[in-house]
Amino acid sequence: MAHIVVLGAGTGGMPAAYELRAELGSGHRITVVNALDYFQFVPSNPWVAVGWREREVTTFPIRPYLEKKGIDFIAQPVLRIDAEGNALELADGQRLGYDYLVITTGPKLSFDEVPGAGPAGHTQSICSIDHAEQTWAAYQAFLQDPGPAVVGAMPGASCFGPAYEFAFILNTDLRRRKQRNKVPLTFVTSEPYIGHMGLGGVGDSKSMLESEFRNNDIKWICNARVDKVEAGLMFVSELDEAGQLKKEHQLPFKFSMMLPAFKGVDAVAQVEGLCNPRGFVLIDEYQRSKKYKNIFSAGVCVAIPPVEVTPVPTGAPKTGYMIETMVSAIVHNIAADLRGAKADTKASWNAICLADMGDTGAAFVALPQIPPRNVNWFKKGKWVHLAKVAFEKYFMYKMKNGTSEPIYEKYVLKSLGIERLDRP
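Quick look at the structure, then. (Residues numbered from 1 in each chain as written. Predicted model: local features only at pLDDT ≥ 70, side-chain atom pairs only at ≥ 80, totals over all residues. Heavy atoms only, no water.)

1. Here's the deal with the overall build of the protein chain
Definition in use: Segments assigned H or I by DSSP are reported as helices when at least four residues long, segments assigned E as strands when at least two residues long, and all are numbered from the N terminus. We call a residue buried when its accessible area falls under 20% of the maximum for its residue type, exposed when it is over 50%, and partly exposed in between, using a 1.4 Å probe and counting protein chains only. Any pair of residues with heavy atoms lying within 4.5 Å of one another is described as a contacting pair. In this charge count, Lys and Arg are treated as positive and Asp and Glu as negative; neither His nor the chain ends contribute. Here the site of a charge means atom NZ of a Lys, CZ of an Arg, CG of an Asp or CD of a Glu.
Of the regular secondary structure elements, the protein chain holds 11 helices and 22 strands. Along the first, second and third principal axes, the C-alpha atoms of the protein chain reach 65 × 45 × 45 Å. In the protein chain, which comprises 424 residues, the proportion classed as buried is 59%. Looking at the protein chain alone, contacts between residues at least 24 apart form 66% of all its contacts between residues at least 6 apart. In the protein chain, which carries 46 positive and 45 negative side-chain charges, the distance between the mean positions of the two groups comes to 4 Å.

This is the structure in structure tokens:
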């Protein structure tokens, strides 16, 4: 009997555990290890941050749902991965051995790369439910004394969609409260242009998002390198296409939400030969570590090169559909290895996303993620907002019921009128 350990219980780890159990049956042991004892649906955090959702709607305790499927659960941080010894060393002193390790930890949030940034500094975050609740508290105080607001993404960021979502959701919420006229709103991003998204743009994303910003009185600064943040003041260097200083900005604000750059979590990044210099797991075409053949990885913690070189560093995003296909590839390849067969399943590196914009939304499809593409599609409409609201409920229901089916393929592609894409 093999022991498969899944490290991380997010939107990659939970489906990985369920899919492993469905594929392998009861003959093998599966354990999920997570620093927290609850699951959080991170895509809902922009709504939590303006009071449109509460924690109880977007989180649930992990243990009872995994146990229903015969999956063990340990709620402990991992201090060290002994890759040579095939074991995890946990914060409570426990040593957990494994035959296969699936790393789905998500990222470490690198607020420290910009002095004064982050929830411990002067900007808010929506990267976790705790951060989103802190942002909601700061936003409620801001509503009592409104003023300039700054939203966007720091240098090196790779997840731009939530920044756009929050800017538009904030805009919509302020309008509903009849306070939008009191809040000059500026979008500050390391992207070379609006709608780049870390993907080199998708379809008409540049013109469509610029138009939405204009129509909603949102100003923007691109090629923006945030140098530091002080209380109520953000220092931004705007670069030109050659990476030279174009203009220096000092942006006053009373409220700011800025997404950070990501790195690999410490326990993963410290394993010799496992990761690149920023701590992301180096994998082959089968989602397997290039050095340790019994370690696999999926999601934000995987090393993917930027789509293109930009004046201010930007990373490539890992969207839900891509993560789903990574997980499926891992499950198929572990099953093959247990049978004595060769790994032969690859993930579909396609980018598909539903982005809420308050009372409307935008959807994009980039096939493959790295251009040139076979499909390059970007559209907006109220139907996207409604589809994302419904997807939140659908995803939470499936995570509580131990689904092993491809959620994004079944729901998101169907909502976009796409029957199927190549996937494992």
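2. Overview of helix α1 (residues 13-24)
Stated precisely, the cut-off is as follows: Helix span is expected to be 1.5 Å times the residue number reduced by one.
Compared with an ideal rise of 1.5 Å per residue, which puts 12 residues at 16 Å, α1 spans 16 Å between its outermost C-alpha atoms and is within 8% of the ideal. Burial runs high along α1: 10 of the 12 residues are buried. Of the residues making up α1, those classed as buried are G13, M14, P15, A16, A17, Y18, E19, L20, R21 and L24. Positive backbone phi, at 75 degrees, marks G25, one or two positions downstream of α1.

3. Observations concerning the packing of helix α6 (residues 161-176) against helix α7 (residues 205-215)
Just so we agree on the cut-off: Here, axes are lines fitted to C-alpha atoms. For helices the fit covers the stretch in contact, and angles between N-to-C directions go from 0 to 180 degrees. Angular relationships are summarised with four words: roughly parallel below 35 degrees, roughly antiparallel beyond 145, roughly perpendicular across 65 to 115, and oblique for the angles in between. Crossing handedness is defined as follows: a turn of the near helix away from the far one that is anticlockwise and smaller than a right angle gives a left-handed crossing, while the clockwise case is right-handed. Gly is placed with the polar residues, together with every amino acid not listed as nonpolar (Ala, Val, Leu, Ile, Met, Phe, Trp, Tyr, Cys and Pro) or charged (Asp, Glu, Lys and Arg).
Closest axis-to-axis distance for the α6/α7 pair is 12 Å, and the angle between their directions is 25 degrees. With respect to their mutual orientation, α6 and α7 come out roughly parallel. For the pair α6 and α7, the crossing hand works out as left-handed. Contacts from Y164, F168 and R175 of α6 reach α7 at L209, E212, F213 and N215. In the contact of α6 with α7, the residues fall into four nonpolar, one polar and two charged.

4. A word on the environment of D204
Of note, D204 is situated in the loop between β12 (185-188) and α7. By relative accessible area, which is 48% here, D204 ends up partly exposed. In the structure, D204 is positioned 173 residues away from W377 in sequence and 7.5 Å away in space, judged by C-alpha atoms.

5. Re helix α9 (residues 320-338)
Under the 1.5 Å per step criterion, the end-to-end length of α9 is 27 Å for 19 residues, consistent within 8% with the ideal 27 Å. Burial analysis of α9 places 16 of its 19 residues in the buried class, the great majority of the element. One or two steps after α9, the chain reaches G340, where phi turns positive at roughly 85 degrees.

6. Quick word on unusual backbone geometry
Most peptide bonds take the trans configuration, and most residues that are not glycine carry a negative phi. A positive phi angle, near 65 degrees, is found at M197, a position not held by glycine. Looking at the element boundaries, M197 is found in the loop between β12 and α7. According to the relative accessible area criterion, M197 is buried, its value standing at 9%. Positive phi is not limited to glycine here, since Q287 has a value of about 70 degrees. Here Q287 is to be found in the loop between α8 (266-269) and β19 (295-297).

7. Some thoughts on the nonpolar core
The criterion, for reference: We define the nonpolar core as a collection of buried residues of types Ala, Val, Leu, Ile, Met, Phe, Trp, Tyr and Cys that are connected through side-chain atoms lying within 4.5 Å of one another.
Formed by 72 residues in total, the largest nonpolar core has its most connected members in I81 and L88. For this core, the element with the highest residue contribution is α9, accounting for 10 residues. For L88, the contacting residues outside a window of four places in its chain are V5, V33, V78, R80, I81, Q94, R95, L96, Y98 and L101.

8. Focus: the sheet that holds strand β14 (residues 224-230)
Our working rule: For two strands to count as paired, DSSP must find a minimum of two bridges between them.
Spatially, β14-β15-β16 is the arrangement adopted by the three strands of the open sheet, whose pairing is antiparallel. With partners counted over all chains shown, the strands left at the sheet margins are β14 and β16 (245-252), one partner each. Strand-to-strand twist across the sheet, computed as the mean angle between neighbouring axes with direction ignored, equals 15 degrees.

9. Quick look at the layout of surface pockets
The rolling of a water-molecule-sized probe over the atoms marks out the regions of remaining empty space. For clarity, the cut-off: Lining residues are those with an atom within 4 Å of a point, where the points come from a 1 Å grid over the protein atoms alone and group into cavities, where a 1.4 Å probe fits but cannot get out, or pockets, open sets with protein on both sides within 12 Å along at least five of seven lines. Grid points are joined across faces, edges and corners, and a volume is the space filled by probe spheres set on the points.
Volume-wise, the second largest pocket comes out at about 290 Å³. Taken together, 19 residues make up the lining of the second largest pocket; nearest its centre are I304, P306, T314, G315 and A316. Classifying every residue of the lining of the second largest pocket gives 10 nonpolar, six polar and three charged.

10. Describing the environment of L20
Tracing the sequence through the fold places L20 in helix α1. The sequence separation of L20 and N86 amounts to 66 residues, and the corresponding C-alpha distance is 19 Å. Beyond its immediate chain neighbours, meaning those up to four positions away, L20 contacts I4, V6, G25, I30, V331 and I334.

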